Amino acid sequence: MSQFLSNCTADAMASAAQRLIAGDLVAFPTETVYGLGADASNSQAVARIYSVKGRPNDHPLIVHVSSMDRMGDWAREVPEYAIALARSFWPGPMTLVLKRSELAGDFVTGGQDTVGVRVPDHVVALALLEAFEKVGGKGVAAPSANRFGHVSPTTAAAVIEELADYLSKEDLVLDGGACAVGVESTIIDCTGTAPSVLRPGAISVEMIEESTGIKVTESDQEIRVSGSLENHYAPMAKVSLCEVPVAGQGFIAHSSYVTPDGVIRLASPNSDEEFARILYSALREADAQGLSEVVVVQPIGIGIAVAIRDRLVRAANGR
Ligand code: TXA
Ligand code: MG
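In short, a report on the structure. (Residues numbered from 1 in each chain as written. Chains lettered and ligands numbered in written order. Predicted model: local features only at pLDDT ≥ 70, side-chain atom pairs only at ≥ 80, totals over all residues. Heavy atoms only, no water.)

1. Quick notes on the overall build of the protein chain
Part 1 of the argument: Helix and strand content of the protein chain: 10 helices and 15 strands.
Part 2 of the argument: Its C-alpha atoms give the protein chain a radius of gyration of 19 Å, near enough to 20 Å, the size a compact globule of 319 residues would have.
Part 3 of the argument: Based on the C-alpha atoms only, the size of the protein chain along its principal axes is roughly 60 × 50 × 30 Å.
Part 4 of the argument: Relative to its full complement of 319 residues, the protein chain shows a buried share of 56%.
Part 5 of the argument: Expressed as a percentage of contacts within the protein chain between residues at least 6 apart in sequence, the contacts between residues at least 24 apart total 67%.
Part 6 of the argument: With the model as given, the accessible surface of the protein chain reaches about 13,000 Å², and the carbon-plus-sulfur share is 50%.
Part 7 of the argument: Across the protein chain, 25 positive and 39 negative side-chain charges occur, with their mean positions spaced 3 Å apart. (Helix = DSSP H or I, 4+ residues; strand = E, 2+ residues; numbered from the N terminus. Rg over C-alpha atoms; globule rule 2.2 N^0.38 Å. Buried < 20%, exposed > 50% of the residue type's maximum accessible area, 1.4 Å probe, protein only. Contact = heavy atoms within 4.5 Å. Areas by Shrake-Rupley, 256 points an atom, 1.4 Å probe, with all protein chains shown as cover. Lys, Arg positive; Asp, Glu negative; His and termini not counted. Charge placed at Lys NZ, Arg CZ, Asp CG, Glu CD.)

In structure tokens, the structure reads:
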């Protein structure tokens, strides 16, 4: 069982950074979801991420750094539009896929010639990254801190629920409260002449086009993104998207929808942003209550609703 830290002081961040340097894992909060971090330049530490998650090791990881100035450590030939995106949205819920530098080993990139880089927008994440860089660290590789294919954790308690059986006593879980965004970062392929979205998130196509002045293209590359597998983000409960809930089933929908008799209302968000923020904890609650089925009314429209629908469709494909 790992150690759990809810008091994220400067001293605590310094000792967490030492854990990373020593090759241990540190789970930490970001504004999207909790990440399971390891020193991105230590192949053995990164190998432990894969075993703790139970994830195939040819799936690439995102490298987290404290500022866009660090992008050049991990990437080469960064296009102008990627720099514009970094300026507009970092720190924030966006990952840029760039041509990798020599520092980005096969064990982080899944053997691809590209690397995913992100500057998260969370005080604890940034403090950890800064403390790590201060002692010579270059970046923290971190997937979402859940077992492969499961729902991502948006609280420290959910991280423990997912990973307690797999972490060792040297590993650390940092508690930074509930994540503000609630769905994973937008992943943007920046290796072509125009940006293309590999995974939708809070940074929408409209925001990308506004920032870069370039039209977003369809991705034409075969890139391994495990988050784009058809069944992912799935709770134990069956997720249904096109049905009316009946007694005994869970129900997640905007607050304007009434709850039919006998149906267990798991969440009633008032906005798409709130929908994203509470979605994963509501799906976890369905499992905690042992529900066999959850009916979700998908939000319509653009913005973060696109990311919510993306995750829901995959969750509905089941485990
Ligand atoms: O919001 C997030 O992105 C969270 C927090 C912790 O930062 N991280 C996250 O990591 O969602 P993960 O590993 O669960 O999902 C990242 C996705 C994976 O599907 C991976 O395949 C893809 O990013 N990815 C990473 N590097 C890539 C690359 N070089 N090319 C294409 N896809 C990449
Ligand atoms: Mg994930």
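2. Quick notes on the packing of helix α9 (residues 272-288) against helix α10 (residues 304-316)
A packed helix pair is summarised by two numbers, namely the angle formed by the two axes and the spacing between the axes.
Part 1 of the argument: Contact geometry for α9 and α10: axes closest at 9 Å, N-to-C directions at 30 degrees. Classified by the angle their axes make, α9 and α10 are roughly parallel. Considering how the two elements wind past one another, α9 and α10 form a crossing that is left-handed. Of the residues in α10, those touching α9 at Asp-272, Glu-273, Phe-275, Ala-276, Leu-279 and Tyr-280 are Ile-304, Ala-305, Ile-308, Arg-311 and Leu-312.
Part 2 of the argument: Looking at the contact of α9 with α10 residue by residue, the classes come out as 8 nonpolar, no polar and 3 charged. (Axes fitted to C-alpha atoms, helices over the stretch in contact; angles between N-to-C directions. Parallel < 35°, antiparallel > 145°, perpendicular 65-115°, else oblique. Left-handed = near helix turned anticlockwise from the far one by under 90°. Nonpolar A, V, L, I, M, F, W, Y, C, P; charged D, E, K, R; others polar.)

3. Digging into the side chain of Arg-118
Part 1 of the argument: Checked against the element boundaries, Arg-118 lands in strand β7 (residues 114-118).
Part 2 of the argument: Side chain to side chain, Arg-118 and Thr-32 meet in a polar contact 3.1 Å long.
Part 3 of the argument: In terms of polar contacts, Arg-118 uses its side chain to reach the backbone carbonyl oxygen of Gly-92, at 2.9 Å. (Polar contact = N/O pair within 3.5 Å; in protein donor to acceptor, adjacent residues only side chain to side chain.)

4. Regarding the packing of helix α1 (residues 10-21) against helix α6 (residues 123-134)
Part 1 of the argument: Interaxial distance between α1 and α6 falls to 8 Å at its minimum, and their mutual angle equals 60 degrees. Of the possible angle classes, the one that applies to α1 and α6 is oblique. Seen along the crossing, α1 lies across α6 with a hand that is right-handed. Contacts between α1 and α6 involve Met-13, Ala-14, Ala-16, Ala-17, Leu-20 and Ile-21 on the former and, on the latter, Val-124, Ala-127, Leu-128, Ala-131 and Phe-132.
Part 2 of the argument: Partitioning the contact of α1 with α6 into residue classes produces 11 nonpolar, no polar and no charged.

5. Quick word on the nonpolar core
Part 1 of the argument: Core analysis: the largest hydrophobic core is formed by 45 residues, its most contacted members being Leu-36, Leu-85 and Leu-96.
Part 2 of the argument: Counting only elements with at least two residues in this core, the list comes to β3 (35-39), α2 (43-53), α3 (71-74), α4 (80-89), β6 (94-100), β7 and α7 (156-163).
Part 3 of the argument: Beyond its immediate sequence surroundings of up to four residues, Leu-96 is in contact with Met-71, Ala-82, Leu-85, Ala-86, Trp-90, Val-115, Gly-116, Val-117, Ile-188 and Cys-190.
Part 4 of the argument: One finds Val-181, Val-183, Ala-282 and Ile-304 within the second-largest nonpolar core, a separate group that totals 27 residues. (Core = buried A, V, L, I, M, F, W, Y, C linked by side-chain atoms within 4.5 Å.)

6. Structural notes on the packing of aromatic side chains
The geometry of an aromatic ring pair is captured by two quantities: the separation of the ring centres and the angle between the planes.
Part 1 of the argument: Tallied over the full model, the rule gives 0 aromatic pairs.
Part 2 of the argument: Lying over the aromatic face of Tyr-166, Arg-147 brings its terminal NZ or CZ to 3.7 Å of the ring centre. (Phe/Tyr/Trp six-rings, centres within 6.5 Å; stacked < 30°, edge-to-face > 60°. Lys NZ or Arg CZ within 6 Å of the ring centre and 35° of its normal.)

7. Describing unusual backbone geometry
Part 1 of the argument: With an omega of -5 degrees, the peptide bond running from Trp-90 to Pro-91 counts as cis.
Part 2 of the argument: Its location among the elements puts Pro-91 in the loop between α4 and β6.

8. Focus on the environment of Gly-116
Part 1 of the argument: Turning to its location among the elements, Gly-116 is positioned in strand β7.
Part 2 of the argument: Look at Gly-116 and you get buried, because its relative accessible area is 11%.
Part 3 of the argument: Sequence separation between Gly-116 and Pro-60 is 56 residues, and the spatial gap between their C-alpha atoms is 7.9 Å.
Part 4 of the argument: If sequence neighbours within four positions are ignored, Gly-116 has contacts with Leu-61, Ile-62, Val-63, Thr-95, Leu-96 and Val-97.

9. Structural notes on the pattern of salt bridges
Part 1 of the argument: Considering all chains together, one arrives at 15 salt bridges under this definition.
Part 2 of the argument: Among the ionic pairs, Asp-171 bridges to Arg-48, the shortest N-O distance being 2.8 Å. Taken as a pair, Asp-171 in the loop between α7 and β9 (172-174) and Arg-48 in helix α2 lie far apart in primary sequence, 123 residues in all.
Part 3 of the argument: Look at Asp-171 and you get buried, because its relative accessible area is 0%.
Part 4 of the argument: Between Glu-170 and Lys-169 there is a salt bridge whose closest N-O contact spans 3.1 Å.
Part 5 of the argument: Put simply, Arg-76, Glu-77, Lys-99, Arg-100, Asp-106 and Asp-113 are held in one network by salt bridges that share partners. (Salt bridge = Lys/Arg side-chain N within 4 Å of Asp/Glu carboxyl O.)

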